[in-house]
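# Per-entry structural report
As a plain string of letters, each chain reads:
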Amino acid sequence: LRKHHQEINEKINKNYGNGIWLLESFIEMNCQVSVSTYDKYIKIFDTYEDQLKLDTLISLHVRACQIANEIRVLVSNGYADGAMSRWRTLHEICITFLFLYDNDTKITEMYQDYHVIERWKKAKEYQENCEFLNMDKFSKEEMEFIESERKDVLEEYGKEFGQSYGWTMEILPKGRRNIREMEKLVKQDHHRAVYTWASENVHSGVSGINKRLGLREEQENFLLPGASDYGFLDPVQYMTVSLTTMSETFLNMEDSSMSRIFKEFLYAL
């Protein structure tokens, strides 16, 4: 098995080594966009709200860079389907980033405050299953604190805030608070079909077991329990598009020669 995997790695290095090296350079350039944007604007933005929005956008961008590196590692080791599933997450981060960027700071505050709702949901699930998992329960005081925080944010924003994607309630109407509607608002819904396709590598539907990116057409009836040297173009291509979209948003905040140079390099790579 190790010999087989070594052969796969050698094929990948031979056929795609230069491309993977360029991909590393591309991801590093995006990381530098995060650094330079933060260093510049943290000195300019002097209100708590503006700094919170900057911190949130930077955090999303940095996480996107980390996921891009995960995709690079998966591709380098022959896991195209896993790489595609990580792009799905990257796409969601990109949509959230653009959505927050396009709206005022209050939406960012609601996005940050929504962690209270998420923590309450996770705590309830944990309490129901922790004994089976042989883990300690939250104390009565801890649960009361979590409940009180939830009560506070619901009093501030309303009961609808506690629902799925409740932090979007001031932008999206009830019944349409989801990633699909966010895609439309930030003009990224052209990726919907690709997102659905990538979801096959995340969920347990029949499509996910019948179609593998890592298999060539003549191998489509084969089973693939490990690595292969095929199928890398799609996850890498869509990853670079999503990451560039986010970085370009930062670079467009200032019309400078440095921003234009950064964009040209990103497009070239």
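Everything in this summary refers to the structure shown in the same document. (Residues numbered from 1 in each chain as written. Predicted model: local features only at pLDDT ≥ 70, side-chain atom pairs only at ≥ 80, totals over all residues. Heavy atoms only, no water.)

The next subject is the packing of helix 5 (residues 115-129) against helix 6 (residues 140-157). Packing of helix 5 against helix 6 brings their axes to within 9 Å, and their N-to-C directions diverge by 145°. For the crossing formed where helix 5 meets helix 6, the hand is left-handed. Two secondary-structure elements touch here, helix 5 through Val116, Ile117, Arg119, Trp120, Ala123, Lys124 and Gln127 and helix 6 through Met143, Phe145, Ile146, Glu147, Glu149, Arg150, Val153 and Leu154. Its residues placed into classes, the contact of helix 5 with helix 6 shows 9 nonpolar, 1 polar and 5 charged. (Axes fitted to C-alpha atoms, helices over the stretch in contact; angles between N-to-C directions. Helix = DSSP H or I, 4+ residues; strand = E, 2+ residues; numbered from the N terminus. Left-handed = near helix turned anticlockwise from the far one by under 90°. Contact = heavy atoms within 4.5 Å. Nonpolar A, V, L, I, M, F, W, Y, C, P; charged D, E, K, R; others polar.)

This part covers the nonpolar core. Where a protein is soluble and globular, its nonpolar side chains tend to be buried together. Ranked by size, the top nonpolar core spans 60 residues in total, and within it Ile71, Trp87, Phe161, Trp167 and Met239 carry the most contacts. Looking at this core element by element, the count peaks at 12 residues for helix 3 (residues 80-102). Contacts of Trp87, omitting those with residues within four sequence positions, involve Ile71, His191, Val194, Tyr195, Ala198, Tyr238, Met239 and Ser242. (Core = buried A, V, L, I, M, F, W, Y, C linked by side-chain atoms within 4.5 Å. Buried < 20%, exposed > 50% of the residue type's maximum accessible area, 1.4 Å probe, protein only.)

For the rest of this paragraph, the subject is the pattern of salt bridges. Between side chains of opposite charge, a pair can form when the charged atoms approach closely. Across all of its chains, the model carries 11 salt bridges by this definition. Of the charged contacts in the structure, one is a salt bridge between Lys40 and Glu254, with a shortest N-O distance of 3.1 Å. Taken as a pair, Lys40 in helix 1 (residues 2-44) and Glu254 in the loop between helix 10 (233-251) and helix 11 (257-268) lie far apart in primary sequence, 214 residues in all. Residue classification places Glu254 among the partly exposed residues on the basis of a relative accessible area of 30%. Here Lys137 ties to Glu131 by a salt bridge, and the two come within 3.9 Å at their closest N and O atoms. Here Lys137 falls in the partly exposed class, since its relative accessible area comes to 46%. By relative accessible area, Glu131 is classed as exposed at 61%. What you see here is one network of salt bridges that share partners, running through Arg176, Glu181 and Lys184. (Salt bridge = Lys/Arg side-chain N within 4 Å of Asp/Glu carboxyl O.)

A separate point is the packing of aromatic side chains. For any pair of aromatic rings, geometry is given as the distance between the ring centres together with the angle between the planes. All chains considered together, the criterion is met by 9 aromatic pairs. On the numbers, 5.2 Å between centres and 90° between planes, the contact of Phe97 with Phe250 is edge-to-face. Taken together, the residues Phe97 in helix 3 and Phe250 in helix 10 connect sequence positions 153 residues apart. What makes Phe250 buried here is its relative accessible area of 2%. A connected cluster of aromatic rings, assembled from ring pairs, spans Phe99, Tyr111 and Trp167. A cation over a ring is seen here: Lys40 above Tyr41, with NZ or CZ 5.9 Å from the ring centre. Against the face of Trp120 rests Arg150, its NZ or CZ located 3.9 Å from the ring centre. (Phe/Tyr/Trp six-rings, centres within 6.5 Å; stacked < 30°, edge-to-face > 60°. Lys NZ or Arg CZ within 6 Å of the ring centre and 35° of its normal.)

With glycine set apart, most residues show a phi of negative sign, and most peptide bonds adopt trans. Even without a glycine there, the phi angle at Asn134 is positive, about 60°. Looking at where Asn134 falls in the secondary structure, it is placed in the loop between helix 5 and helix 6. Owing to a relative accessible area of 72%, Asn134 belongs among the exposed residues under this scheme. Not every positive phi belongs to a glycine, and Lys187 is a case in point at roughly 60°. Residue Lys187 is classed as exposed on the basis of its relative accessible area of 63%.

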